[in-house]
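Residue-level structure breakdown
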Amino acid sequence: MTVKFTIRPEQACDYEVIYDITKRAFAPMPYAGGNEQDLINLLRNNDALEISLVAQIGSDIVGHIAFSKAFPENESANVNGGYYALGPIAVDPELQRSGIGSALIYEGIDILRQREAAGCILVGNIDYYQRFGFKTAPHLCPKSEPKDHYMILPLAVKNIDTIIGFHPLFHS
Ligand SMILES: CC(C)(COP(=O)(O)OP(=O)(O)OC[C@H]1O[C@@H](n2cnc3c(N)ncnc32)[C@H](O)[C@@H]1OP(=O)(O)O)[C@@H](O)C(=O)NCCC(=O)NCCS
């Protein structure tokens, strides 16, 4: 399916629909924690939602991606623009598999490059995220995360050699 959409930073008027899309997109997923939509609000309310983009068709919001700061165990590794974590990301279930998720990810990575980010981590489906350059990195995975689904995208720093964890709000 080909659909025409645009991507832009979130505005306050988008908060409710971001919550709704995230809840509906994750609901059928066996790996969903059930609190993905609340995590976005938690990050935003604690000034930890660093990048928040929406995809829009006409006046309808159809997708969303969040990035927050990530934290190297060895703080001296926090060079350049620092590390980021991707997620949650969600696309309206009726419009999935039409390129919206990919476009949100590419746009987010472009912004990370502009910020000279050192790298970006995520926990997700390996088959999906490797197309964007993310690689599995079990040796850099914090104890709290699933090793098999932990991935990293090196950006300004090519050889990342420290464990990098998510914002503490991910586990609150
Ligand atoms: C994951 C998600 C954001 C992808 O968005 P999307 O707009 O459907 O993705 P795109 O159209 O850009 O990409 C579609 C491609 O990704 C693949 N894909 C989509 N979701 C996938 C998943 N969960 N696992 C594996 N592959 C997936 C499709 O098979 C398709 O592959 P193809 O291009 O080879 O046909 C969307 O499916 C979604 O909201 N899922 C529910 C919430 C979720 O699981 N979020 C991510 C948690 S890690």
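Relevant structure appears above.
Okay, so let's go over this structure. This is a predicted model, so every value here is computed, not measured.

Below, the discussion takes up the overall build of the protein chain. Along the protein chain, the regular secondary structure elements total four helices and eight strands. Starting at the N terminus and ending at the C terminus, the protein chain contains elements arranged as β-α-α-β-β-β-α-β-α-β-β-β. Over its C-alpha atoms the protein chain spans a radius of gyration of 15 Å, differing by no more than 12% from the 16 Å that the globule rule assigns to 172 residues. The 172 residues of the protein chain split such that 49% are buried. Residue pairs in contact within the protein chain that sit at least 24 positions apart in sequence constitute 65% of those at least 6 positions apart. A total of about 9,000 Å² of accessible surface is found on the protein chain, and carbon and sulfur atoms cover 49% of it. Of note, the protein chain has its 14 positive side-chain charges centred 5 Å away from the centre of its 20 negative side-chain charges.

With that settled, consider the packing of helix α1 (residues 15-26) against helix α2 (residues 36-45). It is the contact of α1 with α2, at a shortest axis distance of 7 Å, that shows an interaxial angle of 145 degrees. For the pair formed by α1 and α2, the contact residues are Tyr15, Ile18, Tyr19, Thr22, Lys23 and Phe26 on the first element and Glu36, Gln37, Asp38, Ile40, Asn41 and Arg44 on the second. Of the residues assigned to the contact of α1 with α2, the class counts are five nonpolar, three polar and four charged.

So, on to the site of the ligand. Taken together, 20 residues surround the ligand, and among them Tyr31, Arg97, Gly99, Gly101 and Ser102 come closest. Between the ligand and the protein, one listed contact pairs an oxygen atom with a side-chain N or O atom of arginine 131 at 3.2 Å. Protein chains bury 76% of the 870 Å² of accessible surface belonging to the ligand in isolation. Breaking the shell around the ligand down by element, the ones donating at least two residues are α1, β4 (83-91), α3 (100-114) and α4 (126-129). Here the residues of the shell around the ligand sort into 11 nonpolar, seven polar and two charged.

Before going further, it helps to spend a moment on the nonpolar core. Counting residues in each nonpolar core, the largest one holds 27 residues, and the members touching the most others are Leu86, Tyr129 and Phe134. Contributions of two or more residues to this core are made by β2 (51-57), β3 (60-72), β4, α3, β5 (119-123) and β7 (150-154). Here this core gets six residues from one element, more than from any other, and that element is α3.

Among the secondary structure elements, arginine 8 is positioned in strand β1 (residues 6-9). Within the local environment of arginine 8, its side chain forms a polar contact with the side chain of aspartate 14, the two groups lying 2.8 Å apart. For arginine 8, the side chain forms a polar contact with the side chain of glutamine 56, separated by 2.7 Å. Those residues in contact with arginine 8 that sit more than four places away from it in its chain are Asp14, Ser52, Leu53, Val54, Gln56 and Ile61.

Below, the discussion takes up the environment of leucine 53. One can find leucine 53 in strand β2. Through-space distance from the C-alpha of leucine 53 to that of serine 144 is 27 Å; in sequence the pair is 91 residues apart. The residues contacting leucine 53, other than those within four sequence positions of it, are Ile7, Arg8, Pro9, Glu10, Gly63, His64, Ile65, Leu104, Glu107, Gly108 and Ile111.

Analysis parameters
- Residues numbered from 1 in each chain as written.
- Predicted model: local features only at pLDDT ≥ 70, side-chain atom pairs only at ≥ 80, totals over all residues.
- Heavy atoms only, no water.
- Helix = DSSP H or I, 4+ residues; strand = E, 2+ residues; numbered from the N terminus.
- Rg over C-alpha atoms; globule rule 2.2 N^0.38 Å.
- Buried < 20%, exposed > 50% of the residue type's maximum accessible area, 1.4 Å probe, protein only.
- Contact = heavy atoms within 4.5 Å.
- Areas by Shrake-Rupley, 256 points an atom, 1.4 Å probe, with all protein chains shown as cover.
- Lys, Arg positive; Asp, Glu negative; His and termini not counted.
- Charge placed at Lys NZ, Arg CZ, Asp CG, Glu CD.
- Axes fitted to C-alpha atoms, helices over the stretch in contact; angles between N-to-C directions.
- Nonpolar A, V, L, I, M, F, W, Y, C, P; charged D, E, K, R; others polar.
- Near = heavy atom within 4 Å.
- Polar contact = N/O pair within 3.5 Å; in protein donor to acceptor, adjacent residues only side chain to side chain.
- Core = buried A, V, L, I, M, F, W, Y, C linked by side-chain atoms within 4.5 Å.

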